[in-house]
Amino acid sequence: MITAELIQHVAGSLYERALKGIPADTHRALQAALGHESSGTGRRTLMMMLDSADAAEREGALVCTDVGIPVYSVKVGTRARLEGPLRAAIAQGYEALVRRIDPPILKMVTHPLTHERGHTGRDIPIVSFDMVDGDDGLEIVCAPKAMGSGRWEELKTFVYPTLEQIESYVLEVVARAGSQPCPPIVVGVGIGGSFDHAARLAKQQVLRPLGQAHPEPAIAAMEQRLLGAVNALGFGPMGLGGQAGAMGVHVDYAGSHGFMPVAVALNCWINRRTGARIDADGHVEWTG
Amino acid sequence: MTPGATPVAGVPAVPAGATPLRLPLSAPDVRALVVGDTVALSGEITISIGLPTHRRMAEHAAAGRPLPVDLRGGAFFHLSAYLDEADGAALPRALYMNPSTSTRYNEWMPTLVRGLGLRLVGGKGGLDAASAQALREAGCAYLSFLGGGCPLLSRAIEAVVASHWTEYISQFRLTTLRVRDLPATVAIDAHGRSLYADLHDAAAQRLPQVLQELRARREAAPRFGAPPT
């Protein structure tokens, strides 16, 4: 039995952990980038990034003041037994964390029509659900989305695009963001499906662990050549110049129609994402 | 993480090779700054990331009305701070700070740079060509702070000197801090050279070649529909 109290605790902890450190794969990717970076400014910037992430973890400090809007993705096993609500428990866990987190966090949730700011709002936290056939547990991923990278994400609907058009569009979006999304970034690309599904695919690809290639060789090759192209643009760490413009480009696709949306999602260098799996007996495994 | 590679908590982190700068800077001090220089600032800085704050500052500057804090010769940065008023003291404590995207304020920056007589501005991501032109005319430079550098930048905070327009939320207020060894990189200098414009132009120039290499690699790549590994 998975209780509402446990879900609240996990939802709050995931958000807090996302704000006070960076994922282990991201730390490794920044260190690897430091080894390849030939720009002096780029190397100094990467070293400061690693220092900042380490200090946040050690001191329980925030890595960035922009704590973003809280976004959770939940996978529910069809055999999971929940005691009490799920969506409400996630929202309560988030709200309780906002009240207790030390240091306290700034108000970033903004009413889209009045620009009034707070910690809560309509549909906040943003929670999406998927079902997993046969599973008896629950998986929750928290990926708070802030302005630095959120501002530059894009979706465009093509009609029967060529591969060249798709790849050029990805580069165009990254070039438009240029120095601003706090590179080295992670780029997620969703091709096809419907308007909403392409965006969802792109987001899921941003959350894919770094260094994990797509299982289809043709897509994996596309990811590699796009990563090379993004880095060749030269924006470098913090957009001050250098080779380390991106830590990964992750692509996925879905069956579509003659109209084919292409979505490009971005994460900044702190690459916020934490995850947990809750087993049927209430055991929690922290996955990131 | 290498033990000892990171500074001890509470000890200001000055990046190796950083030039220490004591604020306020004179006009020749600012003209001596070169794009790519790493600097460590000590002295008073004024910060805000509020759009309403910028609009209001620009209105003051345009009308020649004084701001609650005199920024002539001063430093104004797009840094976002949490001000803690919990202990009821006359001035809040700044718990932490970090930069925000400066291009959001492009509309107001030329007016602020020219009208307020600023010597330093900054944040992250740079400013547009009109702002860079204003920087050159006014003898002002733009500094880039590390986005996600909250723990490092916050160590430099010594005290809140003043906080105005307190009707706004914390990060929108016009707040003056005293800092010690605040690390930054010169990204647009007072001669009008902008790292951002240079990189943007270089990327645009490189793009045809990058697209051509993509095409070559695409042609050599495995075909779609090949079985998963």
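Everything that follows concerns the structure shown earlier in this document.
Residues numbered from 1 in each chain as written. Chains lettered and ligands numbered in written order. Predicted model: local features only at pLDDT ≥ 70, side-chain atom pairs only at ≥ 80, totals over all residues. Heavy atoms only, no water.

Let's talk about the pairing of strand β7 (residues 141–144) of chain B
All names here are of chain B. By the alternation rule, side chains of β7 split into Ala-141 and Leu-143 and Tyr-142 and Ser-144, which are all buried. The parallel pair strand β6 (residues 120–123) and β7, bridged by helix α4 (residues 129–138), forms a crossover whose chirality is right-handed. In this structure, β7 lies alongside strand β9 (residues 174–188), joined through three bridges in antiparallel fashion. Looking across to β9, one finds that Ser-144 is bridged to Thr-185. (Buried < 20%, exposed > 50% of the residue type's maximum accessible area, 1.4 Å probe, protein only. Helix = DSSP H or I, 4+ residues; strand = E, 2+ residues; numbered from the N terminus. Right-handed = clockwise from strand over helix to strand, strands pointing away. Pairing = 2+ DSSP bridges.)

Considering helix α3 (residues 109–116) of chain B
Residues and elements named next belong to chain B. All of the buried residues along α3 are Met-109, Pro-110, Leu-112, Val-113 and Leu-116. Looking at the buried side of α3, the elements it contacts are α2 (51–63), β3 (75–77), β6 and α4. Once α3 finishes, Gly-117 follows within two positions and takes phi at roughly 70°, a positive value. (Contact = heavy atoms within 4.5 Å.)

Considerations on the environment of Pro15(B)
Residue placement: Pro15(B) occurs in the segment before β1 (19–22). Assessed through its relative accessible area of 15%, Pro15(B) is described here as buried. A C-alpha to C-alpha distance of 29 Å links Pro15(B) and Arg173(B), two positions 158 residues apart in sequence. Sequence-distant contacts of Pro15(B), defined by excluding residues within four places in its chain, comprise Met48(A), Thr38(B) and Pro183(B).

As for the nonpolar core
Counting 86 residues, the largest nonpolar core has Val187(A), Trp269(A), Met57(B) and Val121(B) as its most contacted members. With seven residues, the top contributor of residues to this core is helix α6 (residues 163–177) of chain A. If you look at the next biggest cluster of nonpolar residues, it comprises 36 residues, including Tyr15(A), Tyr94(A), Leu97(A) and Ile278(A). (Core = buried A, V, L, I, M, F, W, Y, C linked by side-chain atoms within 4.5 Å.)

Examining the sheet that holds strand β12 (residues 274–278) of chain A
All names here are of chain A. What the five strands build is an open sheet, ordered β6-β2-β7-β12-β13; its pairing is mixed. Edge positions in the open sheet fall to β6 (126–132) and β13 (284–286), since each of these has one partner strand only. The mean inter-strand angle of the sheet, taken between neighbouring strand axes irrespective of direction, is 15°. For strand β2 (residues 71–77) and strand β7 (residues 138–142), the ladder comprises five bridges, and the chain directions are antiparallel. By the bridge assignment, Tyr-72 is partnered in β7 with Cys-142. Strand contacts of helix α1 (residues 4–19): β2, β7, β12 and β13, with the helix running at about 160° to β12, the strand carrying the most contacts. (Axes fitted to C-alpha atoms, helices over the stretch in contact; angles between N-to-C directions.)

Overview of the interface of chain B and chain A
Contact with chain B, which involves 59 residues of that partner, is made by 56 residues of chain A. Buried area between chain B and chain A, both sides added, is near 4800 Å², and the carbon and sulfur share of it is 66%. If you sort the residues of chain B by the area they bury against chain A, Tyr96(B), Arg218(B) and Phe224(B) come out on top, with a joint share of 13%. Run the count over chain B and chain A and you get four salt bridges. Glu59(A) is the partner of Arg155(B) in a salt bridge, and the nearest nitrogen-oxygen pair spans 3.1 Å. Scanning the region where chain B abuts chain A turns up 15 residue pairs in polar contact (both at pLDDT 80 or more). (Buried area = accessible area lost by both parts, 1.4 Å probe. Salt bridge = Lys/Arg side-chain N within 4 Å of Asp/Glu carboxyl O. Polar contact = N/O pair within 3.5 Å; in protein donor to acceptor, adjacent residues only side chain to side chain.)

Structural notes on the sheet that holds strand β9 (residues 185–192) of chain A
Residues and elements named next belong to chain A. Taking strand neighbours across the sheet as the criterion, the four strands line up as β8-β11-β9-β10 in an open arrangement whose pairing is mixed. Strands with a single pairing partner mark the edges of an open sheet, and in this sheet they are β8 (154–159) and β10 (246–254). Looking at each pair of strands side by side, their axes are set apart by 15° on average, direction ignored. Note: β8 against strand β11 (residues 259–267), six bridges, orientation antiparallel.

Quick word on helix α8 (residues 217–232) of chain A
For α8(A), with 16 residues, the first-to-last C-alpha span of 23 Å sits near the 22 Å given by 1.5 Å per residue. Against the buried residues of α8(A) lie α6, β9 and β10 of chain A together with α6 (195–220) of chain B. Where α8(A) terminates, the next one or two residues include Gly234(A), which has phi positive at roughly 90°. (Expected span 1.5 Å × (residues − 1).)

Remarks on unusual backbone geometry
A cis amide bond links Ile124(A) to the next residue, Pro125(A), at an omega of -5°. Residue position: Pro125(A) is located in the loop between β5 (117–118) and β6. Between Leu23(B) and the following residue, Pro24(B), the backbone shows a cis peptide bond with an omega angle of 0°. As for its position among the elements, Pro24(B) is in the loop between β1 and α1 (27–31). Even without being a glycine, Asp123(A) presents a positive backbone phi close to 65°. Even without being a glycine, Trp165(B) presents a positive backbone phi close to 55°. Judged by relative accessible area, Trp165(B) falls into the buried class, the value being 9%.

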